[in-house]
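# Residue-level structure breakdown
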Amino acid sequence: MPELSTQFLNEAIEDSKPFASQGQVNTTIPNFDDTMKDLLGITIITENFDIYSAGDYNHIVPMQSTSKIIGLMLALKDFGKDRVFQTVGMEPMGDFFNSISSLESPDTHKPFNPMINAGAISIASLIKGQSVEKRFERYLTFLRDITENDGLQMDEDVYKAEIANGARNRSLAYFMQSTGTLVTDVEEALDLYFRMNSVMMCCNDFARVGLFLARGGVDPDGNKLIPDHHLRTVKAIMLTSGMYNASGHFAVEVGFPCKSGVSGSIIGAVPGKMGIGVVAPAIDGRGNSTAGGALIKKLSKDLNLNMFGIENVIEG
Ligand code: GLU
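Residues numbered from 1 in each chain as written. Predicted model: local features only at pLDDT ≥ 70, side-chain atom pairs only at ≥ 80, totals over all residues. Heavy atoms only, no water.

## Here's the deal with the side chain of arginine 208
Going by this rule: Secondary structure follows DSSP: runs of H or I at least 4 residues long count as helices, runs of E at least 2 residues long count as strands, and numbering of each begins at the N terminus. Exposure is judged per residue with a 1.4 Å probe applied to protein chains only, and the accessible area is read against the type maximum: over 50% gives exposed, under 20% gives buried, and values in between give partly exposed. Under this rule, positive means Lys or Arg and negative means Asp or Glu; His and the chain ends count for nothing. Salt bridge, as applied in this entry: a Lys or Arg side-chain nitrogen positioned within 4 Å of an Asp or Glu carboxyl oxygen. The contact criterion used is simple: two residues touch if any of their non-hydrogen atoms lie within 4.5 Å.
Within the secondary structure, arginine 208 is located in helix α8 (residues 203-214). Within the buried core, arginine 208 has no salt-bridge partner, and the shortest N-O distance to an opposite charge, that of glutamate 148, equals 4.4 Å. Every residue in contact with arginine 208, bar those within four places of it in the chain, is listed here: Ile45, Phe49, Ile51, Ile146, Thr147, Glu148 and Pro220.

As structure tokens, then:
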């Protein structure tokens, strides 16, 4: 079996790059265009803090939907599991991530889970703070602690584009208000959601988030930032819903918790082993990076990272 090394990652990147041609760059994101189609970068940070990077790993992109796991962690810290899951469900959904039809379910109007847009807007409505600015500041502080990167910040142009292109998200939020599902200030929840989507990160930052989840919520200085029972919840929901409506496919083919964003970013958390950050902007129709997805699958197979792999339990 190959060993994790920079050379292995370089080869894995070359193998995965051709998959970029199966995707499209989301050009509604400022500065995203077709010249980025072949970008592919990765950073892996192991439980011992060994760092391996390859490809275009310094490229910075907006978090987009990868922000949903940070929002969920904060809401769980603020309100606990019972309250959070009164607001949003924990079931996977077969529809697209910005679907409105699922909110019309006759028995419950709750969004299916916190990884779809409606769910993440509901989660944003829970994050504590006296103003949007203060709530976003808490989000950013938590993210900076996790990544040990005090330089992380929101990109104003991306934020403006989120607002300008936010008709669907506004529809989801106002629909939830109409059914009594979203009871706080709708515009504030949306504003916070847009800001959270607009924070810029590179592969190392994404990998740090994955490592944080993989190492029991401990930051690089050894501080425990979130209880284990909340982490379990977040990782389970990433596994069942983190890759949009291809989550089942990734659970089978990758077998560890991942979360993707339409910027072509992917966070992977291999429990007890490593955090993975990938950036490859060409995405498929469901919102997942095509080359990034191929790369994660290859890593799982070649490095034997699938949590459900029998090889991981039978030894000697
Ligand atoms: N910012 C976009 C939205 O809210 C995309 C989120 C995503 O990465 O799925 O619809």
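Next comes the rest of the account.
## Concerning the side chain of serine 263
Selection criterion: Whenever a nitrogen or oxygen atom comes within 3.5 Å of another N or O atom, the pair is scored as a polar contact, on the condition that within protein one atom can donate a hydrogen and the other can accept it, and that pairs from neighbouring residues in sequence are kept only if both atoms are in side chains.
Turning to its location among the elements, serine 263 is positioned in the loop between β6 (258-260) and β7 (265-270). When its relative accessible area of 0% is taken as the criterion, serine 263 is described as buried. A distance of 2.6 Å separates a polar side-chain atom of serine 263 from the backbone oxygen of proline 62. Discounting chain neighbours no more than four positions away, the residues touching serine 263 are Ile29, Phe32, Val61, Pro62, Met63, Gln64 and Pro281.

## Section: the packing of aromatic side chains
The condition that has to hold: Here a pair means two rings of Phe, Tyr or Trp (six-membered ring of Trp) with centres within 6.5 Å. Their orientation is stacked below 30 degrees between planes, edge-to-face above 60, and tilted elsewhere. Geometrically, a charge over a ring is one whose NZ (Lys) or CZ (Arg) sits within 6 Å of the ring centre while staying within 35 degrees of the ring normal.
Considering all chains together, one arrives at 3 aromatic pairs under this definition. Summarising the aromatic geometry, the rings of phenylalanine 142 and phenylalanine 212 are spaced 6.3 Å apart at their centres and angled 85 degrees between planes, so their arrangement reads as edge-to-face. One end of the pair, phenylalanine 142, is in helix α4 (residues 132-147); the other, phenylalanine 212, is in helix α8, with 70 residues separating them in the sequence. Accessibility expressed as a relative area gives 1% for phenylalanine 212, which makes it buried. In this arrangement the basic side chain of lysine 128 is found over the ring face of phenylalanine 79, its NZ or CZ atom lying 4.9 Å from the centre.

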